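# Remarks on the overall topology
These are the residues of each chain, in order.
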Amino acid sequence: MKINWGTGIVIAFGLFMTFILYFVFEVQSNSKYDNDLVVEEYYKHDSHFQDEMARVQNAHDLKNKPAMIYTTEGLRIAFPNTFESKKIKGNIVLYRPSNKKFDFDTQITLTDNSLLIPQKKLIKGRWDVKMEWQYEGTKYLSKEVIYVN
C-alpha cells in the first residue's frame, strides 16, 4: 500500500497529538509532578500586599542590613551590632519551592546578634528565605534565595 503525502501529514499530526496528550496526562496523574499552589491562602495573602511592600521598603532603607550567609554549619543570619539583640522579635520562614513538606519556620532568638539554622535542617537545593522582624516598633521584611550544596 502506498501512502500519499496528505495521509502522511495526517498520520504525523495524529502521532504528535498522541505524544503531547500522553505527557499532559502523565504530569496530571503522577504525584512526582505536584501542582500545589505556592501559597495556601492565595487571596488572603494578596490582600496584605501593600503592607508587605511597606515592610520590604523599611528593610531596604536600612543603612546596615541583616546578612544571610550560608556556611558549612548552616544558614547564619547576622544582624548589625547597631541593633540590640533583645529588642529584635520576628520569624523566619524557609520555603522549599520543589516540595512543601520541607518548609519550616523558626522564631528569631539571637546569640551575639546572629542566628544559626543548622545544616541538618537544610536539604540540598533552592530555598526561599523570608525574614519578618520588628525592631523598636518598626516592621521589616527581607526575602532572599539561597542554594544549599
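The structure we're discussing is the one just above.
Note that residues are indexed from 1 along each chain, following the sequence as it is written. At least 70 in pLDDT is required for a residue's local features to be given in this predicted model, at least 80 for side-chain atom pairs to be given and counted, and no such filter applies to totals for whole chains, interfaces and linings, which use all residues. With hydrogens and water stripped out, all remaining heavy atoms of the structure feed into the side-chain values.

## What to know about helix α3 (residues 49-61)
Elements are defined by DSSP. Helices are runs of H or I of four residues or more, strands are runs of E of two residues or more, and each kind is numbered from the N terminus. The length a helix should cover is 1.5 Å for every residue beyond the first. End to end, α3 covers 18 Å across 13 residues, agreeing with the expected 18 Å (1.5 Å per residue, within 8%). Relative accessibility thresholds used throughout: buried, under 20% of the residue-type maximum; exposed, over 50%; partly exposed, between the two (1.4 Å probe, protein chains only). For α3, the set of buried residues is Glu-52, Arg-55 and Ala-59. All buried residues of α3 project into a common sector of 65 degrees when viewed along the axis, lining one side. Every exposed residue of α3 that faces more than 90 degrees away from the buried side is listed here: Gln-50, His-60 and Asp-61. To obtain the arc, one takes the directions from the helix axis to the C-beta atoms.

## Here's the deal with the sheet that holds strand β5 (residues 114-118)
Think of it this way: DSSP has to see at least two bridges between two strands before they count as a pair. Taken in spatial order, the three strands of this open sheet run β1-β2-β5, and their pairing is antiparallel. With one partner strand each, in any of the chains shown, β1 (67-70) and β5 form the two edges of the open sheet. Along the sheet, successive strands turn relative to each other by an average axial angle of 15 degrees, direction set aside. Pairing analysis gives four bridges linking β1 to strand β2 (residues 74-78), with the strands arranged antiparallel. Only the stretch in contact is used when fitting a helix axis, every axis being a line fitted to C-alpha atoms; angles between N-to-C directions are given from 0 to 180 degrees.

From the geometry alone we can't say anything about function, so treat these as descriptive.
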